[in-house]
Amino acid sequence: MTATAFSEASTSRFARIKEGDLDLQLHYNDLGEGAETVVMLHGSGPGASGWANFNRNIEPLVNAGFRVILMDCPGWSKSDTIISEGSRSNLNAQALKGLLDVLDLDRVHIIGNSMGAHSTVAFALEYPERIGKLILMGGGTGGPSAFVPQPTEGIKLIGALYRDPTIENLKKMMNVFVFDASGLTDELFQTRLDNILSRRDHLENFVKSSTINPKQFPDFSHRLHEISADTLLVWGREDRFVPMDTGLRLLAGLPKAQLHVFNRCGHWAQWEHAEKFNRMVLDFLTH
Ligand SMILES: O=C(O)CCC(=O)/C=C/C=C(\O)C(=O)O
């Protein structure tokens, strides 16, 4: 399959999941065919989606013979909206379990970005028999940084954009996402703003959730030793959303972890350093 052979629209799918107390329609993109499947979980910014976060990372995996599933978490993109009163990491993990059951997938590799990485750790703790290898970028535990005041400037900008979704606030947030903002095009800003404004219910419910429970992503540090999966941690040295020392804590706590830190890189390592990131991921998954 080549880069032009698939698009968001042609790979867009919906599934009804019933998992515990969740009864939701989830949106996902389904690409490629292969005995092994890689699930990608996006971050928590307004307008995020599997496609928005990972569109630079799908093709090499599909070409290498993996099936790729991009799950849009409850409350994002074309998935049903939700108010999260407890741990959003566990809520997303529960939703993923439901989706894997519907798709009849026993065991998957997971790539999680930020909130997606927090959710991957929750999934690995809840359903250890369902995971292969893990790749965590800019997240994995909601624990505090030892060095950077919290909430970080990036997380504050996410909150401002949720409350007031203007192009100005979007640009402020996205300029902090990356180390080098020159790659952010007007088209990218506009696509993201369209995503944001198309689901006001998601924005309102995110703000409600954060008001009910400001700690949506619990600190899993004390349970990291339970995860026996091979894990690749990837961080941007200049991450202004989830600071790099969080990656060091994951490295210390996860028994089979290795860490790669990109310099000249913000919170979106998979986008800013896509080529090298893709090579590293393929090497990690196939050896
Ligand atoms: O609050 C946290 O720890 C997670 C923040 C987070 O998930 C931010 C992600 C941002 C994106 O990658 C995005 O919106 O595309």
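Residues numbered from 1 in each chain as written. Predicted model: local features only at pLDDT ≥ 70, side-chain atom pairs only at ≥ 80, totals over all residues. Heavy atoms only, no water.

Taking an unreviewed UniProt entry as the reference, the protein chain is identified by name as 2-hydroxy-6-oxononadienedioate/2-hydroxy-6-oxononatrienedioate hydrolase belonging to Pseudomonas mohnii. Listed under Function (unreviewed entry) in UniProt, the entry text for the protein chain is "Catalyzes the cleavage of the C5-C6 bond of 2-hydroxy-6-oxononadienedioate and 2-hydroxy-6-oxononatrienedioate, a dienol ring fission product of the bacterial meta-cleavage pathway for degradation of phenylpropionic acid." One UniProt comment on the protein chain, placed under Subunit (unreviewed entry), says "Homodimer." (UniProt positions renumbered as here; feature names shortened; annotations may be inferred.)

Colleague: Outline the overall build of the protein chain, listing residues and values.
Modeller: Along its length, the protein chain carries 12 helices and eight strands. Scaling as 2.2 N^0.38, a compact globule of 287 residues should have a C-alpha radius of gyration of about 19 Å, and the protein chain matches this with 17 Å. Its C-alpha atoms give the protein chain principal-axis dimensions of roughly 45 × 40 × 40 Å. When each of the 287 residues of the protein chain is scored for burial, the buried share is 56%. The contacts in the protein chain between residues at least 6 apart in sequence include a share of 73% that link residues at least 24 apart. (Helix = DSSP H or I, 4+ residues; strand = E, 2+ residues; numbered from the N terminus. Rg over C-alpha atoms; globule rule 2.2 N^0.38 Å. Buried < 20%, exposed > 50% of the residue type's maximum accessible area, 1.4 Å probe, protein only. Contact = heavy atoms within 4.5 Å.)

Colleague: Any details on the site of the ligand? Residues and values, ideally.
Modeller: If you check the shell around the ligand, you find 17 residues, and the closest are Asn-53, Ser-114, Met-115, His-118 and Arg-192. Contact between the ligand and Asn-113: an oxygen atom at 2.9 Å from a side-chain N or O atom of the residue. Residue Ser-114 places a side-chain N or O atom 2.7 Å away from an oxygen atom belonging to the ligand. Burial of the ligand by the protein amounts to 93% of the accessible area it has alone, namely 400 Å². When residues of the shell around the ligand are traced back to their parent elements, those giving at least two are helix H5 (115-126) and helix H6 (153-163). Partitioned by chemical class, the residues of the shell around the ligand number eight nonpolar, eight polar and one charged. (Near = heavy atom within 4 Å. Polar contact = N/O pair within 3.5 Å; in protein donor to acceptor, adjacent residues only side chain to side chain. Areas by Shrake-Rupley, 256 points an atom, 1.4 Å probe, with all protein chains shown as cover. Nonpolar A, V, L, I, M, F, W, Y, C, P; charged D, E, K, R; others polar.)

Colleague: Kindly report on the pairing of strand E6 (residues 131-137), identifying the contributing residues and their values.
Modeller: Taking burial as the measure, the seven residues of E6 include seven buried ones, the bulk of the element. The pairing of strand E5 (residues 108-113) with E6 spans five bridges and is parallel. Within E6, the position partnered with Val-108 by the bridge is Ile-131. The parallel pair E5 and E6 is bridged by H5, and the resulting crossover is right-handed. (Pairing = 2+ DSSP bridges. Right-handed = clockwise from strand over helix to strand, strands pointing away.)

Colleague: Any chance you could break down the nonpolar core for me, citing the residues and the numbers?
Modeller: With 64 residues, the main nonpolar core has Leu-99 and Met-173 as its most contacted residues. What Leu-99 contacts, discounting residues up to four positions off in sequence, is Ala-15, Ile-17, Leu-26, Tyr-28, Ile-69 and Met-71. Counting 25 residues, the second largest nonpolar core, distinct from the first, contains Val-38, Trp-51, Phe-262 and Ala-269. (Core = buried A, V, L, I, M, F, W, Y, C linked by side-chain atoms within 4.5 Å.)

Colleague: Hey, could you go over the pattern of salt bridges for me, with residue numbers and the actual values?
Modeller: Inspection of the entire model under this criterion finds 12 salt bridges. Across the salt bridge formed by Arg-16 and Asp-23, the nearest N and O atoms sit 3.1 Å from each other. Of the charged contacts in the structure, one is a salt bridge between Glu-275 and Arg-279, with a shortest N-O distance of 3.9 Å. With Glu-275 and Arg-279 both in helix H12 (residues 274-286), this residue pair falls four residues apart, about one helical turn. (Salt bridge = Lys/Arg side-chain N within 4 Å of Asp/Glu carboxyl O.)

Colleague: Which residues make up the pairing of E5, and what are the values?
Modeller: Counting buried positions along E5 yields six of six residues, so the element is predominantly enclosed. Of the two faces of E5, both are covered, the one formed by Val-108, Ile-110 and Gly-112 as well as the one formed by His-109, Ile-111 and Asn-113. Note that strand E3 (residues 37-41) and E5 share four bridges and pair parallel. Pairing of Val-38 across the sheet is with His-109, part of E5.

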